[in-house]
Amino acid sequence: MRRYIHDSLVVFRRSMVISLQNPVWVLVSLMQPILYLALFGPLLQAVAKTPGFPPGDAWQVFVPGLLVQLGIFGAAFVGFGIIAEWRSGVIDRMMVTPASRTALITGRVLRDVVIICLQGIILIAAAFLFGLRIPLAAIFGALIVVALLGAAFAYLSYAAGLALKSEDALAPLLNSIALPILLLSGILLPMTLAPRWLRILSDLDPFKYIVDAERAIFRSEYWSQTTEIGVAIAIVIVLLSAWLGNLVFRQQTK
Amino acid sequence: MAVAPETMIEAHGLKRVYRTRGKAIEAVKGIDLTVKAGEIVGFLGPNGAGKTTTLKMLCTLLEPTGGTAKVAGLDLRADPVGVRRRIGYVSQSGSTSELARVGNEITWHAELYGIAPKAARERAEELLSALDLEDVWDRKCAALSGGQRRRLDIVMGLIHRPQLVFLDEPSTGLDPQSRANLWTHIRKLRDDFGTTVFLTTHYMDEADSLSDRILIIDHGTIVREGTPKELKKRVSGDAITLTLRDTGDAEAAAAITGALVGASEPNVEGNVVRIQVQDGAAALAKLLKDMNSIGVEAIGVEVAQPTLDDVFLALTGRTLRD
Ligand SMILES: Nc1ncnc2c1ncn2[C@@H]1O[C@H](COP(=O)(O)OP(=O)(O)OP(=O)(O)O)[C@@H](O)[C@H]1O
Ligand SMILES: [Mg+2]
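Residues numbered from 1 in each chain as written. Chains lettered and ligands numbered in written order. Predicted model: local features only at pLDDT ≥ 70, side-chain atom pairs only at ≥ 80, totals over all residues. Heavy atoms only, no water.

**Describing the domain arrangement of chain B**
Selection rule: Where a domain begins and ends is set by an automatic assignment or by a domain database.
The domain boundaries assigned to chain B delineate domain 1 (7–231) and domain 2 (236–305). Taking only C-alpha atoms, the centre of domain 1 of chain B and the centre of domain 2 of chain B are 42 Å apart.

Structure, rendered in structure tokens:
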């Protein structure tokens, strides 16, 4: 176990330092959440006045959606990075060390989670400037959900990248998974506005419940059923993707 | 069976079948090999022969589909982590990220072996200077030349001072001086630390001058093994290469080589004629005299001792060039 933590932290530090040494990457990562907020937020102010809009002010509905989106899309594309690493021989080189296989993927996921949480904090801070008001506990709770989502999608994306080993195959796969999730989960606009058939479809999207939970947390309903269901689903998804990610890493030697 | 501690690699019937899209490719067809501690063994073969596949299996990177192996005294399947602790591997296709800085990449790698960053840096500086790679510590890997990057791969593979190193075509992309330098370093590793070295190459001169023993692999099977000297002895005689003015002269010269005692069938390529004879010097004198009498003059003459190239050609009917 000590070995596992040590190895994960080495891999984490490595990916983090390499990312931070790239100024363009840092700038884009910092600007992204602010852009979302500045360019999409004003639209929502108008929509919030339509009947059927859920409780809470526009920011309380909109920012949780953005956070979930950040968790999903901030991590969904990390698989491209692992293809590049595999191609340059880094993955094989690490696999011949005695390092724990699980640490090789978990260290990388940890980097993605930390980055996404930082972006989440920036996003919430910027939303405060626009007029969002929620207690510290809600911020904390909301970030936990984002971290879970980020971890899940990072594991999945690494698994897909390493299994496919081709950017051309990975891009359509990610898009075909992420897009329906995005549209059906009510991330951008709440599903309470949707017609009946669309609402039924969206009930099948597990991520809808996570978005709902995130909105409940923003209304300070920490122990409501909505929150519990959403968080439970998020935890199950993380466990499944971690299992899949590790499986793919171990399969490398098959 | 108890393996004597002086055996570093012992493989029996090692086999690998790749399956891609329903098709099975038998890359390594059940090979046996033994490498003693402190040996430098050259694994020689043309493209696609199965060298990398064999190495990856011995390095725990690829599960054999058949056979057994003990590497550095441990069973490959039963204790892969133990094997990994004792071996180093330099892959054919690089090991560093373009985006990382050289020093960072080395220390992180060492940390995965449990080596503290400070100790890693000391070892790395030694290795880097031995391989003529000074002043690269703070540079990005992308800012190194191909040959420098290759030498960095070798530094990474040796950082934990393994008892056994696998080098997959270590000198690809190196200029002659760097190659000679690398050879010196590899010999030093063995002489000073008793490191066992198992390297693949398709350079005959590399296998010849570096290895104590050579294994020749072709189409997934080991076709011959022995010391460079033993292998060369199997190819009889010296090679004579004559360059003539034109193809007509070449044909004429080839026709009279039949008069030489013990000469091989001549091989004519354009205006060049090649034959193998027992005693190159004596045969050449007679050949030139005979050619003179029919009015054919050679513009280039070469007599050479057999090389491993000739060994390979004799064994497989193909040359080793890529
Ligand atoms: N991942 C793979 N999937 C399917 N076939 C493979 C795979 N890797 C190698 N092969 C095939 O196995 C055979 C042996 O390949 P290998 O890489 O071991 O050769 P090699 O001797 O290292 O050649 P080279 O000198 O080109 O490096 C080749 O026919 C190759 O096409
Ligand atoms: Mg190879």
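**Notes on the pairing of strand E6 (residues 87–90) of chain B**
All names here are of chain B. Basically, it comes down to this: Throughout, exposure labels follow a simple rule: accessible area from a 1.4 Å probe, protein chains only, divided by the maximum for the residue type, with under 20% read as buried, over 50% as exposed, and the rest as partly exposed. Segments assigned H or I by DSSP are reported as helices when at least four residues long, segments assigned E as strands when at least two residues long, and all are numbered from the N terminus. Between any two strands, pairing holds if DSSP finds at least two bridges.
By the alternation rule, side chains of E6 split into Ile87 and Tyr89 and Gly88 and Val90, which are all buried. Pairing of E6 with strand E7 (residues 164–168) involves four bridges; the strand directions are parallel. When the sheet's bridge partners are listed, glycine 88 is paired in E7 with valine 165.

**Structural notes on the interface of chain B and chain A**
What counts is decided by this rule: Any two residues whose heavy atoms approach within 4.5 Å are treated as being in contact. In short, buried area is how much 1.4 Å probe accessible area vanishes from two parts on joining, totalled over both. One side-chain nitrogen of Lys or Arg within 4 Å of one carboxyl oxygen of Asp or Glu is enough to make a salt bridge. Whenever a nitrogen or oxygen atom comes within 3.5 Å of another N or O atom, the pair is scored as a polar contact, on the condition that within protein one atom can donate a hydrogen and the other can accept it, and that pairs from neighbouring residues in sequence are kept only if both atoms are in side chains.
Tallying the contact residues gives 29 residues for chain B and 26 residues for chain A. Considering only the surface of chain B that becomes buried against chain A, Leu61(B), Trp108(B) and Leu112(B) emerge as the three largest contributors, covering 29% of it. Across the contact surface, chain B and chain A share five salt bridges. Taking the shortest distance from any N to any O, the salt bridge between Lys56(B) and Asp92(A) comes out at 3.5 Å. Counting every contact that joins chain B to chain A gives twelve residue pairs in polar contact (both at pLDDT 80 or more). Within the residue set of the side of chain B that touches chain A, elements represented by two or more residues are helix H2 (80–86) and helix H3 (102–112) of chain B. At six residues, H3(B) tops the list of elements feeding residues into the side of chain B that touches chain A.

**Quick notes on the site of ligand 1**
Residue and element names in this part refer to chain B. Here is the rule we go by: If a single non-hydrogen atom of a residue is within 4 Å of a molecule or strand, that residue counts as near it. Computed by Shrake-Rupley with a 1.4 Å probe, the accessible areas treat only the displayed protein chains as cover when residues are assessed. When residue character is reported, Ala, Val, Leu, Ile, Met, Phe, Trp, Tyr, Cys and Pro are called nonpolar, Asp, Glu, Lys and Arg charged, and the others, Gly included, polar.
The environment of ligand 1 is formed by 14 residues, the closest being Gly48, Lys51, Thr52, Thr53 and Gln92. One of the backbone nitrogen or oxygen atoms of alanine 49 is found 3.2 Å away from an oxygen atom of ligand 1. For ligand 1, whose free accessible area comes to 630 Å², the fraction covered by protein is 66%. For the shell around ligand 1, the elements supplying multiple residues, two or more each, are strand E2 (23–36) and helix H1 (51–58). Per element, the largest residue contribution to the shell around ligand 1 is three residues, and it comes from H1. Per-class residue counts for the shell around ligand 1 are five nonpolar, seven polar and two charged.

**Thoughts on the sheet that holds strand E14 (residues 298–304) of chain B**
Residue and element names in this part refer to chain B. This is how it is decided: For helices, the fitted line uses only the C-alpha atoms of the stretch in contact; every axis is such a line through C-alpha atoms, and the angle between N-to-C directions lies from 0 to 180 degrees.
With antiparallel pairing, four strands are arranged side by side in an open sheet as E12-E13-E11-E14. One side of each edge strand has no neighbouring strand; the edge strands of this open sheet are strand E12 (267–269) and E14. Across the sheet, the axes of successive neighbouring strands diverge by a mean angle of 15°, strand direction being ignored. Where strand E11 (residues 238–244) lies against strand E13 (residues 272–277), six bridges are found, and the strand directions are antiparallel. Looking at E13, one finds that threonine 243 is bridged to valine 272. Seen against the sheet, helix H10 (residues 280–293) touches E11, E13 and E14 and runs at an angle of roughly 25° to E11.

**Let's talk about the nonpolar core**
What counts here: We call a set of buried residues a nonpolar core when its members are Ala, Val, Leu, Ile, Met, Phe, Trp, Tyr or Cys and they connect through side-chain atoms within 4.5 Å of each other.
Within the largest apolar cluster, 102 residues are counted, with the highest numbers of intra-cluster contacts made by Val63(A), Leu67(A), Ile9(B), Val71(B), Phe166(B) and Phe198(B). No other element matches the 17 residues that helix H7 (residues 136–164) of chain A contributes to this core. Discounting residues that sit within four places of it in the chain, Ile9(B) has contacts with Leu33(B), Thr34(B), Val35(B), Leu58(B), Lys70(B), Leu164(B), Phe166(B) and Phe198(B). Counting residues in hydrophobic clusters, the runner-up holds 33 residues, among them Val102(B), Ile106(B), Val136(B) and Trp183(B).

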